[in-house]
Amino acid sequence: MNHIFYQTKTKFTNTGDALINKALIEALRHYGRLHANCSSDIPDFFINELGISKDEKIITPNEIFFVKSVLKCSRATKKGDKIYIFSGLGDSYGGNINQVIRNIMAALLFVVFRFNGVKIIRIGRSVGPLTKPMQLSEKIRSYFLSYNYVRDSKSLQRCQKYGMKNVQYCPDMSWLYDMRGTRSINSTNAIMVNLRNSIFDDIEKDFVDATLTKLDIVLEIFSSVLGNKMSIIVVYQIEEDAAFSRTVYARLKSKYNVQYIDHQLKLDEIEKYYRMVDYHISNRMHSLLAGYKYGSLPIALIDENKHTKISATLKDCGLEDIIVDIHNNDKMKIKYIISHRDLMMNILFECEKDMQKQICNTFHTIFGLR
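Computed from a predicted structure; not experimentally measured.

Trainee: Help me understand the packing of aromatic side chains in this model?
Mentor: The final tally for this structure, using the stated rule, is nine aromatic pairs. Centre to centre, the rings of F86 and F367 are 5.9 Å apart; their planes meet at 20 degrees, and the pair counts as stacked. Here F86 is found in strand β4 (residues 82–87), whereas its partner F367 is found in the segment after α13 (341–366), with 281 residues between them in sequence. For F86, a relative accessible area of 0% translates into the label buried. A cation sits over an aromatic face here: K68 above F65, 5.0 Å from the ring centre. A cation over an aromatic ring shows up here: R341 above the ring of Y279, its NZ or CZ 5.3 Å from the ring centre.

Written out as structure tokens, the structure is:
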């Protein structure tokens, strides 16, 4: 039997993070028995959102007890059993002294895991610019990983530049979300706006100004095509985007027919709201890679050169046509998106199938099925 330990660590206020964690958890269940870290610092609402069942939970007071659970299982396995530990979903960038120390401590722990026959898999990560100490700590940590997958080509290039070992590409886990759902194309004349006010964590006025100015241009073009039929829904999927979403709503409400959803969209709500719109304009990756599943065409309103997590992910999948750079004068591209929506949606649906196949092949490699 395969025993799969899952490190349930992420931003709990981010619906996009919940989406990719749930997608990965549901996939891993096909390959063995799941044991999910449900320590006391992980909120119950998040555990419930991921659909972790009672018999899959490892309820511990802290991280040390989760580590002990992994080691205890590794020493009690029967002949033929294998132990895996999965982690990594999310982003790495920057790097302060505390993060460097955590990486070194993780590397030491990985030595113990490997000595006890545990396979360590890091998957689903984007890697941005790192400080020199962080680069070194990531390189050291990578030596002890059994498999190390990043989710875009730019991250792969950075990891190779930083000297990290065993790094390979595997598409973002969001492609697996709601795999059995029916794909269709909406017809509502409505547009969703779901934006953040930064590329990383620090708010940059120039970025905000450029984003809002380009949003105005995009919506003016939509209005010229759709006329009075056009309506707008302003939403947010991450708690820290709430204030900026209200700023966007205040900016648009005097010009358009705008509805504001005054709460964070949760996983069980995203289908409802994306089904209401034909397009969704966002600079959040898991807004862009969720809405198409429910009939809405994504438009990535980003700084293409700096927002590499999104730009590289979309370009890796041949989806650069839905990228609208906040610094470029590309009105014709916006008109092209509007006039070719059905074509682009069908390209997305085919892309999804290909990405799902690549991810499944990756799992087959990890679990020795190919």
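This is not the end of the story, as more comes after the structure.
Trainee: What's the story with the nonpolar core in this structure? I'm lost.
Mentor: If you look at soluble globular proteins, the nonpolar side chains tend to sit buried side by side. In this structure, F86, I123, M173, W175, F363 and I366 are the most contacted members of the largest nonpolar core, which totals 102 residues. Aside from chain neighbours lying at most four places away, what touches F363 is L24, A27, L28, Y31, F86, I123, M173 and L176.

Trainee: How do you make sense of a nonpolar patch on the surface when you look at a structure like this?
Mentor: Taken together, the side chains of I97, I101, I104, M105, L108, L136 and I140 make up a nonpolar region of the molecular surface, amounting to roughly 650 Å² of accessible area. Looking at the nonpolar patch, the elements that each hand over two or more residues are α4 (97–115) and α5 (132–142). The dominant element in the nonpolar patch, judged by the number of residues it contributes, is α4, at five residues.

Trainee: Please clarify how the packing of helix α7 (residues 205–226) against helix α12 (residues 331–339) should be interpreted in this entry.
Mentor: Each packed pair of helices is defined by two parameters, the angle between the axes and the distance between the axes. The N-to-C vectors of α7 and α12 enclose an angle of 45 degrees; their axes lie 10 Å apart at closest approach. In this view, α7 runs oblique relative to α12, as classed from their interaxial angle. Two packed elements cross with a definite hand, and for α7 against α12 that hand is right-handed. Residue-level contacts link K214, I217, V218, I221, F222 and V225 of α7 to K331, I334, K335 and I338 of α12. Class assignment of the residues belonging to the contact of α7 with α12 gives a composition of seven nonpolar, no polar and three charged.

Trainee: What is the right way to look at the pattern of salt bridges in this model?
Mentor: When their charged atoms lie close together, side chains carrying opposite charge are able to pair. The final tally for this structure, using the stated rule, is 16 salt bridges. Notably, a salt bridge pairs K214 with D330, separated by 2.8 Å at the nearest N-O pair. Here K214, found in helix α7, pairs with D330, found in the loop between β14 (323–325) and α12; they are 116 residues apart in sequence, far enough to count as distant. Here the two residues K214 and D330 agree in accessibility, since each one is buried. In this structure, the salt-bridge partner of D241 is R284, at a minimum N-O distance of 2.9 Å. Taken together, the positions of D241 in the loop between β10 (231–234) and α8 (242–252) and R284 in the loop between β12 (279–282) and α10 (285–291) put the pair 43 residues apart, joining distant regions of the chain. Across the pair, exposure class does not vary: D241 and R284 are buried alike. Linked through salt bridges whose partners overlap, the residues forming this network are D91, R151, D172 and K309.

Trainee: Looking at this structure, I do not really get the environment of S282. What am I missing?
Mentor: Checked against the element boundaries, S282 lands in strand β12. Each C-alpha atom, one on S282 and one on R196, is 7.9 Å from the other, the two residues being 86 residues apart in sequence. Apart from residues lying up to four places away in sequence, S282 is in contact with N194, L195, S287, L288, I299, A300 and L301. Within the structure, the side chain of S282 is placed 3.0 Å from the backbone nitrogen of R284, a separation counted as a polar contact.

Trainee: For this particular structure, what's the right way to read the sheet that holds strand β9 (residues 190–194)?
Mentor: Whenever strands of a sheet pair, they do so through backbone hydrogen bonds, lying parallel or antiparallel. Taken together, the six strands give an open sheet; going across it, the order is β11-β10-β9-β12-β13-β14, and neighbouring strands pair in parallel fashion. Either end of the sheet is taken by a strand with one partner, and the two such strands are β11 (258–260) and β14. Averaged over all neighbouring strand pairs, the angle between strand axes comes to 20 degrees, with direction disregarded. The pairing of β9 with β12 spans four bridges and is parallel. Counterpart to V193 in the pairing with β12 is I281. Packed on one face of the sheet, α13 meets β12 and β13 (297–302) and runs near 90 degrees to β13.

Trainee: Looking at this structure, how should I read α12?
Mentor: Side chains three or four residues apart in an α-helix point the same way, a direct result of the helix having 3.6 residues per turn. The set of residues buried in α12 consists of I334, I337 and I338. Down the axis of α12, the sector holding all buried residues measures 100 degrees, keeping them to one side. Exposed residues pointing more than 90 degrees away from the buried face of α12 are listed as M332 and S339. Looking at the packing, one finds that the buried side of α12 touches α7, β12, β13, β14 and α13.

Procedures and definitions
- Residues numbered from 1 in each chain as written.
- Predicted model: local features only at pLDDT ≥ 70, side-chain atom pairs only at ≥ 80, totals over all residues.
- Heavy atoms only, no water.
- Phe/Tyr/Trp six-rings, centres within 6.5 Å; stacked < 30°, edge-to-face > 60°.
- Helix = DSSP H or I, 4+ residues; strand = E, 2+ residues; numbered from the N terminus.
- Buried < 20%, exposed > 50% of the residue type's maximum accessible area, 1.4 Å probe, protein only.
- Lys NZ or Arg CZ within 6 Å of the ring centre and 35° of its normal.
- Core = buried A, V, L, I, M, F, W, Y, C linked by side-chain atoms within 4.5 Å.
- Contact = heavy atoms within 4.5 Å.
- Patch = residues over 30% accessible without salt bridge, like charges linked within 9 Å, V, L, I, M, F, W, Y side chains within 5 Å.
- Areas by Shrake-Rupley, 256 points an atom, 1.4 Å probe, with all protein chains shown as cover.
- Salt bridge = Lys/Arg side-chain N within 4 Å of Asp/Glu carboxyl O.
- Axes fitted to C-alpha atoms, helices over the stretch in contact; angles between N-to-C directions.
- Parallel < 35°, antiparallel > 145°, perpendicular 65-115°, else oblique.
- Left-handed = near helix turned anticlockwise from the far one by under 90°.
- Nonpolar A, V, L, I, M, F, W, Y, C, P; charged D, E, K, R; others polar.
- Polar contact = N/O pair within 3.5 Å; in protein donor to acceptor, adjacent residues only side chain to side chain.
- Pairing = 2+ DSSP bridges.
- Arc of directions from axis to C-beta.

Fair warning: the whole summary comes from geometry, so function is off the table for now.
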